[in-house]
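Architecture at a glance
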Amino acid sequence: KAEVQAALQDLLMSDRQRVSRREPVRGKEETPADVAFATLVAVYPEAFMYTRDPWPSVAAATRELFRIRNQVTTKHAADKVLKFENADGETLAQEVVDYIDSPERDWQPAFFPLVKKVRIICPAAAAHVHPHVVLVDAPGVQDANAARGNVVKKLLEDAQSVVIVSNIKRAATERVAQEMLSERFRRQLLMDGHYGRLAFVASCTDELTLSELKRNLKLKKDVSKETAAALRNASAKEKITTDCFAGLRRIEIQSEQRSQSTDEEFRRRGIAPAVFTTSARDYQKLSGLLDMAVDGQPQVWSTLRDTEIPDFRRWIHAQGQKAQLDALQKAEDLLASACRKLQEQGHLETVPSWDPSSIFGTLKKIKESQAEIMRTLLTQKLMSAVGVGQTTAAEEGARNMSARCEPQGRGGLHWCTFKATCRREGEWREDFNELLADPLNRRIAVEWDRVLNQLLPDHVDTLLSRIVQEMWKLQSELSLPLQPFQDAEELVKRHGPKIKSNLQRQQMEVSRRIKETIKQLMTPSYRQAAAVSGTGTDVKQKTIIRDQVTIRGAVMFRKASDFLDGELDNLMRCLEQSLEALVESLASVLKASMQRMAAVGLERQALRELQQACSAAVSEALLKSEERQRRRNALDYSAAEAEVAGKPQPTGNSQAPSSKEAIPNEYFCPISQEVMLDPVTTSDGHTYDRKSIEEWLRTNDTSPNTGLTLSSKTLIPNHNLRKLIQEQVQAAGSQVPQDSLEMELEAMMSNMEPTAEAPPEGEDPDQDAEEESE
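Keep in mind that what you see is a predicted model, and the values were worked out from it rather than measured.

What counts, and where the lines are drawn
Residues numbered from 1 in each chain as written. Predicted model: local features only at pLDDT ≥ 70, side-chain atom pairs only at ≥ 80, totals over all residues. Heavy atoms only, no water. Helix = DSSP H or I, 4+ residues; strand = E, 2+ residues; numbered from the N terminus. Buried < 20%, exposed > 50% of the residue type's maximum accessible area, 1.4 Å probe, protein only. Contact = heavy atoms within 4.5 Å. Patch = residues over 30% accessible without salt bridge, like charges linked within 9 Å, V, L, I, M, F, W, Y side chains within 5 Å. Areas by Shrake-Rupley, 256 points an atom, 1.4 Å probe, with all protein chains shown as cover. Salt bridge = Lys/Arg side-chain N within 4 Å of Asp/Glu carboxyl O. Disulfide = S-S within 2.5 Å. Pairing = 2+ DSSP bridges. Phe/Tyr/Trp six-rings, centres within 6.5 Å; stacked < 30°, edge-to-face > 60°. Axes fitted to C-alpha atoms, helices over the stretch in contact; angles between N-to-C directions. Parallel < 35°, antiparallel > 145°, perpendicular 65-115°, else oblique. Left-handed = near helix turned anticlockwise from the far one by under 90°. Nonpolar A, V, L, I, M, F, W, Y, C, P; charged D, E, K, R; others polar. Polar contact = N/O pair within 3.5 Å; in protein donor to acceptor, adjacent residues only side chain to side chain.

**Brief notes about the overall build of the protein**
Secondary structure summary: the protein contains 28 helices and six strands in total. The burial tally for the protein puts 42% of its 774 residues in the buried class. Within the protein, counting contacts between residues at least 6 apart in sequence, those at least 24 apart form 74% of the total.

The structure is reproduced here in structure tokens:
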């Protein structure tokens, strides 16, 4: 009903009372009245077929429209969600198409204006993607249908990855990444910490004019079509990546940073985009989905791999695989903790003479000192940037809106478009609230990313590391049993990622409240401007908005800045509360574990009976856990490999070194002096290759680097370092490490398979192995 009334408001006649039924006069640009008329005619054609007389009021028009009963309104009234099911994809498409396409005949009711979302569910195997992946085709946030546009905005906020798709002809031009990704959306990705989850797809690589391509790329005359297309793909990937980094540097300049990051610094932070150049048509022909006898031979590519559809599919699959692997690892850690508790040997004859509250007091002091550092960082770096940015934002926001408030002849908005935007509280094709919030966001974007996405999470990691070190120090000094402290350390490992995840989610919500705060402060002026009617409407409504942003703009932005300061302070309080709860939980876990180990009498007997009953199951679980861990490592490696493969490597005139000298020293294991295949971190913070450190720890309980006793033999995978190593190995062209990586993966995969029986006579065992590997 609200959407219908908004559309009727756009059809109001000059007296601002009657509602027109006549089609608006078409101009050079589509107006709100054009959209409103087309939408209402599509759903309620009966109201416009037989008469052109206007409705006396919006209320009268609403009553008449809602009395109409046709196949669309009847179906919509009966069920707001339509469900279709069919095992055949083509048949299912035919059943759905009538609801999302325009009707074939004039004056036939249509469903498409009512459709907000189409959700398609199919077997993961049929789509060749991970079952946890949800692909969303978002047409754009500036949709004429405001409800549909809001759905897209919400999806973009919740998305884990964003893929920008464009034709290769456009992608091969300059500044493509800048055109495909707006500055505002680029800045929001940076503030959300999601820039590293961005991918570009340049499609239709089979469409080319060879002579034109040779001329543009300055190729020799005898170059084949496939070679020329491959060179264009490489050029497009390089331009997209370069433009993506250039856009980030523009954000840094707008934030008045003294120096800008280099491409290599962006890559080290993991924010280089994945880029794919694909050909769906040639892929369908090569894979047999299209009949080449009817549709012709592939235009350019000769193999499926050359179309890059398989690589893009692997990248999408990896996005879902990573989330599932993280969940599996958490479950594996919980299982290992339960098994250790059930394997506890003996018990303490007496309760140790130590007060659990003492560890709570010590850990609380560490938390408070580190939290104070984080609060100071937030205040001095980010909140000061907000305070400085509010003055600039007020001045620039006033200039931006003043230009829109000029008469149409001098570059201002059409009066009808301006009124439609005010009536929607500043949100329509051009969002006035985002326009006003942009200057402040530009000023703080880089500091926001640096403080909330980099420094604060690092300080949380530092705090958690100090807490673990302090616990093990206490255990060593008092000669307390290991098990309670292992339980406490596992609790830190489980809750640490949750704390950082909550921090990121909260800061994302706060960053979006900048615009919402501006909207709230502007809403009274929007309503006042929307209520203007009669002679001079254009000048009057624009004067109201101009006065709000020029005369009262400084006050408005100061309120927005104060609100943002309060939200950031609240974010910090929530972080401190989470850390406080973790410290309390650690003290409780230590106390409960010590009490369990000191159990006597019936309690101890019950524990022994439980251990005996579960003994066989625990042994079997631990045996299978080791095998599952190897499989998980192999899958984790393949997911990381798929991500790295999608990111174009930097090119240059100088030949890249092909020896170990091209790889930083930090990527070599201190024990084996070889490039680390599976880097893991020990309890003292040093990193080694898993194979080497596991072999060391079988006979030692000290650190290979320092010689000091390790508080725990727990090894923590260093996923970020492993990705960096893989990228560096590819960039350096080092053959030895790369071969080692492939051999290690093959070994993992072979260990995952059960022992195969001898193949029947006449069958090729290598062929079966190849199919299973694929």
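**A look at a nonpolar patch on the surface**
The grouping of Met49, Tyr50 and Trp107 at the surface amounts to a nonpolar patch, some 360 Å² of accessible area in total. You can call Tyr50 exposed: its relative accessible area is 69%.

**Concerning the state of the cysteines**
What we call a disulfide is simply a covalent bond connecting the sulfur atoms of a pair of cysteines. The final tally for this structure, using the stated rule, is zero disulfides. There is no disulfide at Cys405, and the cysteine sulfur nearest it, in Cys422, is 8.0 Å away. In this structure Cys405 comes out as buried when scored by relative accessible area, which is 3%.

**Section: the pairing of strand E3 (residues 274-277)**
Here E3 shows a buried face lined by Ala274 and Phe276 and a second buried face lined by Val275 and Thr277. With four bridges joining them, strand E2 (residues 198-203) and E3 adopt parallel strand pairing. In the sheet register, Val201 faces E3, and the bridge partner there is Phe276.

**Side note on the packing of aromatic side chains**
Tallied over the full model, the rule gives 10 aromatic pairs. With a centroid separation of 4.5 Å and 50° between ring planes, the pair formed by Tyr99 and Phe111 is classed as tilted. With Tyr99 in helix H6 (residues 89-100) and Phe111 in the loop between H6 and helix H7 (124-127), this pair connects stretches of sequence that are 12 residues apart. Members of the aromatic cluster, connected to one another through ring pairs, are Phe37, Phe48 and Trp55.

**Some details on the pattern of salt bridges**
As enumerated under the stated definition, the model contains 29 salt bridges in all. Here Glu207 ties to Arg281 by a salt bridge, and the two come within 3.7 Å at their closest N and O atoms. Pair noted here: Glu207 is in the loop between E2 and helix H12 (210-217) and Arg281 is in helix H15 (residues 280-286), with a separation of 74 residues, a long-range link. Where Glu425 meets Lys519, a salt bridge forms, and the shortest distance between an N and an O atom there is 3.8 Å. Separated by 94 residues along the polypeptide, Glu425 in the loop between helix H19 (415-423) and helix H20 (432-478) and Lys519 in helix H21 (residues 482-530) bring together distant segments of the chain. A relative accessible area of 23% places Glu425 in the partly exposed class. With relative accessibility at 16%, the residue Lys519 sits in the buried group.

**A look at the sheet that holds E3**
Sheet architecture is open: three strands sit in the order E1-E2-E3, paired in parallel fashion. Among the strands making up the open sheet, the edge pair consists of strand E1 (162-167) and E3. Sheet twist, expressed as the mean angle between neighbouring strand axes with direction ignored, is 15°. With respect to the sheet, helix H13 (residues 225-254) is in contact with E2 and E3, its orientation differing from that of E3 by roughly 150°.

**Focus: the pairing of E1**
The alternating pattern of E1 places Val162, Ile164 and Ser166 on a buried face and Val163, Val165 and Asn167 on a face that is not buried. Summarising the sheet, E1 and E2 pair through six bridges and their orientation is parallel. Bridging from a neighbouring strand, Val162 pairs with Leu198 of E2.

**Thoughts on H19**
Counting buried positions along H19 yields seven of nine residues, so the element is predominantly enclosed. All of the buried residues along H19 are Cys416, Thr417, Phe418, Lys419, Ala420, Thr421 and Cys422.

**Let's talk about unusual backbone geometry**
Generally, phi is negative for residues other than glycine and the peptide bonds are trans, each holding for most cases. The phi angle at Cys204 is positive, at roughly 60°, despite the residue not being glycine. Phi angles above zero are rare outside glycine, and Glu425 is one such case at about 55°.

**Notes on the packing of H21 against helix H22 (residues 537-550)**
It is the contact of H21 with H22, at a shortest axis distance of 8 Å, that shows an interaxial angle of 165°. Considering their axes alone, H21 and H22 lie roughly antiparallel with respect to each other. Regarding H21 and H22, the two cross each other, and that crossing is right-handed. On H22, the residues that touch Leu521, Met522, Ser525, Tyr526, Gln528 and Ala529 of H21 are Gln541, Ile544, Ile545, Gln548 and Val549. Of the residues that constitute the contact of H21 with H22, the class distribution is seven nonpolar, four polar and no charged.

**A short note on the sheet that holds strand E4 (residues 679-681)**
Ordered by their spatial adjacency, three strands build an open sheet running E5-E4-E6, and the pairing between neighbours is antiparallel. Two strands in the sheet have a free side with no partner beyond their single neighbour: strand E5 (687-689) and strand E6 (716-717). Note that E4 and E6 share two bridges and pair antiparallel. Note on E6: the bridge partner recorded for Thr681 is Ile716. Along the sheet, helix H25 (residues 690-697) makes contact with E4, E5 and E6, crossing E5 at roughly 100°.

**Some details on the side chain of Thr523**
Counting through the fold element by element, Thr523 comes out in helix H21. What makes Thr523 buried here is its relative accessible area of 11%. Only 2.6 Å separates the side chain of Thr523 from the backbone oxygen of Lys519, close enough to count as a polar contact.

**Considering the packing of helix H11 (residues 183-192) against H20**
Contact pair H11 / H20: the axes reach a minimum separation of 8 Å and the direction vectors enclose 30°. Here H11 is positioned roughly parallel relative to H20, judged by the angle of their axes. Every pair of crossing elements has a handedness; the one defined by H11 and H20 is left-handed. In this structure, H11 uses Glu183, Arg184, Arg187, Leu190, Met191 and Asp192 to contact H20, whose residues at the interface are Glu434, Leu435, Asp438, Asn441, Arg442, Ile444, Ala445, Trp448, Asp449 and Asn453. When its residues are assigned to classes, the contact of H11 with H20 shows six nonpolar, two polar and eight charged.

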